[in-house]
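# Close look at the chain arrangement
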Amino acid sequence: MSAPRLRFAPSPTGYLHVGGARTALFNWLYAKKTGGTFLLRIEDTDRARSTDESTQAIFEGLTWLGLTWDEDVVFQGANVERHRNDAYRLLETGAAYRDFTTAAELDRMRQEAESRGGQFRFDRPMAELPPGEMALRLERGDPHTIRFQVPPGATEWTDMVHDTISFPNKDIDDFIILRSDGTPIYNHAVVSDDIAMGITVVRWGDDHISNTPKQILLYEALGAALPTFAHLPMIHGMDGKKLSKRHGATAVGDYQHLGILPQAMNNFLALLGWSPGGDREVMTRDEMVELFSSDGMLKKAAVFDNKKLEWMNGQHMAHGPIEALELYLRPFLIAAGLATEATLAARREWWLGLLELLRLRARTVNELVEQCRPYFLDEVAYDPDAAAKQWKDRAATAELLRTLRDRLAEVAWDATAMEDALRQLAEARGVGVGKLFQPMRVALTGVAATPGIFDVLLAIGRERSLARLDAAATHLAE
RNA sequence: GGCGGUAUCGUCUAGGGGACUAGGACACAGCCCUCUCAAGGCUGGAACACGGGUUCGAAUCCCGUUACCGCUACCA
């Protein structure tokens, strides 16, 4: 058996949705796992709704996630000629027929059926014309659609996640494959393209289950080999309803800007509807490829939980390779005006050390950047809450900070020396070290939550630390 | 309405006839660690939708019911 070929085929009618991203991910994972090929096809046949911005957003989203495609992007709109030819081929073999019923007539019949409380079914004999009439209308150039003639029997397939799914053909209406303006309908365009692209495995959302029998019928009528199908469960919001804008961020780009790591996003998305079995959760992408198997696919829709995504992100930030994190973080740091490529390169060792301290206590890249602030910038913004809590008595705190400054100015700038000095001071004053450390922490960083105080002092540096203690004392004395 | 799909803690899930007193993770609560915040460790509450079968034995297999979702377009 030759290597599988898979595709992700979004329509460019909006941003790249997390549901789409997950579909892409599972196609990608499957391709990587089996040594197959992963392709991208943009389904832009709906001209009215398709936009170039959406196409760009899809490219950017997939690239950010690292789900790169192996061959040139296919634009469905470029293949309309083939779609049309395939439709005419079906017409010739008798698998399809011309239907001169107009859209208006169809509408009317549908409404009538509904008002009678029944449901509309397309009636094949209704479209049949008396002898000679067909030729006349064709001659006249009357607009008409091409409809697929659904054969009797049943259509079933072995789904990679659902096992056998079967539809009685009588429940499938003869469906249009070519509109009266000569453009193809979705199902037909997809099948024509999938055949042309040599797609052997179709994995997409559950919402396509009722499209699949129609597509199988088309494959058979076109004389093409069937791909294997896999229908992935949907993703819902916390209210159990289909994920939509109401639920807040749903675009992949949103999460990128919220400071989620692509690796964490992939990991989180993979666990929605798939499990490697056992208790395994945090995985690198290589590990996911290694562990991936269609056997682990679930059939149930999953709910997107932002809290767990953030946790997952924290795990990847804290435990992933620090070089990769640093590389990813750099543009954010620069954009925030904290540093430049040059300043980071000049103090690389210091910077990596600081990152090692801070990455454990942030859940998003954006949080991490904020935490970096006091170590990069000269001026410190005192957090009002922290100041109110740690600097209750202004005069006493000012005195304390000056004392601390003077004491620190006398000792060697290493953790042991500083700790000895400060513990002695605390003892002399008959207070716990926290009474000294907390006000100082706010003076140095502006906030009440940081790494250990000696790490902070070391990271900020001698001159700057002493200056900050002075500045805070002055600020408090005013 | 018809057709199809699905059902384990609030959420993500493990489990696929006996190992189940149903395991892990997120979230929540408490404790420990501790100079703060995290991280980490420990503890707690929390689920097999319901009803019938099959079987010595069912979360697991079968049927039905219910609920939810999808499709039912000259949308994709």
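Throughout what follows, the structure given in this document is the object of discussion. (Residues numbered from 1 in each chain as written. Chains lettered and ligands numbered in written order. Predicted model: local features only at pLDDT ≥ 70, side-chain atom pairs only at ≥ 80, totals over all residues. Heavy atoms only, no water.)

### Topic: the sheet that holds strand β8 (residues 176-178)
Judged by pairing direction, the sheet is antiparallel, and its 3 strands sit side by side in the order β4-β5-β8 without closing on themselves. One side of each edge strand has no neighbouring strand; the edge strands of this open sheet are β4 (96-99) and β8. For this sheet, the mean angle separating the axes of adjacent strands, direction not counted, is 45°. When strand β5 (residues 145-148) meets β8, the two strands line up antiparallel, connected through 2 bridges. Its bridge partner lying in β8, R147 is registered against I176. (Pairing = 2+ DSSP bridges. Helix = DSSP H or I, 4+ residues; strand = E, 2+ residues; numbered from the N terminus. Axes fitted to C-alpha atoms, helices over the stretch in contact; angles between N-to-C directions.)

### Focus on helix α2 (residues 52-65)
Between its terminal C-alpha atoms α2 stretches 20 Å, which fits the 20 Å expected from 14 residues at 1.5 Å a residue. Those residues of α2 that fall on the buried side of the exposure criterion are S54, T55, I58, F59, G61, L62, W64 and L65. At the C-terminal side of α2, G66 shows a positive phi close to 80°. (Expected span 1.5 Å × (residues − 1). Buried < 20%, exposed > 50% of the residue type's maximum accessible area, 1.4 Å probe, protein only.)

### Description of the packing of helix α19 (residues 415-429) against helix α21 (residues 453-460)
Two numbers describe a pair of packed helices, the interaxial angle and the distance between the axes. Closest axis-to-axis distance for the α19/α21 pair is 10 Å, and the angle between their directions is 125°. Looking at the two axes, α19 sits oblique to α21. Between α19 and α21 lies a crossing whose hand is right-handed. On the side of α19, the interface is formed by A415, M418, E419 and L422, while α21 contributes F454, L457 and L458. (Parallel < 35°, antiparallel > 145°, perpendicular 65-115°, else oblique. Left-handed = near helix turned anticlockwise from the far one by under 90°. Contact = heavy atoms within 4.5 Å.)

### Here's the deal with the environment of T101
For T101, the location among the structural elements is in the loop between β4 and α4 (103-115). Taking C-alpha positions, T101 is 35 Å from G198, a pair spaced 97 residues apart along the chain. If sequence neighbours within four positions are ignored, T101 has contacts with L106, M109 and F122. For T101, the side chain forms a polar contact with the side chain of D99, separated by 2.5 Å. (Polar contact = N/O pair within 3.5 Å; in protein donor to acceptor, adjacent residues only side chain to side chain.)

### Examining the nonpolar core
M265, L269, F304, W351, F376, L408 and M440 are the most contacted members of the largest nonpolar core, which totals 100 residues. Looking at this core element by element, the count peaks at 9 residues for helix α1 (residues 18-34). The next biggest cluster of nonpolar side chains, apart from the first, holds 29 residues, and it includes W157, I165, V202 and L217. (Core = buried A, V, L, I, M, F, W, Y, C linked by side-chain atoms within 4.5 Å.)

### Points about the protein's contact with RNA strand B
Lining the immediate environment of RNA strand B, one finds 61 residues, of which R179, G273, E281, R441 and T450 sit closest. Contact distances for RNA strand B include 3.0 Å between a sugar or linking oxygen and a side-chain N or O atom of S210. Take L360: an N or O atom from its main chain is 3.0 Å from a sugar or linking oxygen of RNA strand B. Contributions of two or more residues to the surface near RNA strand B are made by α4, β7 (163-168), β12 (302-303), α12 (306-319), α20 (433-445) and α21. (Near = heavy atom within 4 Å.)

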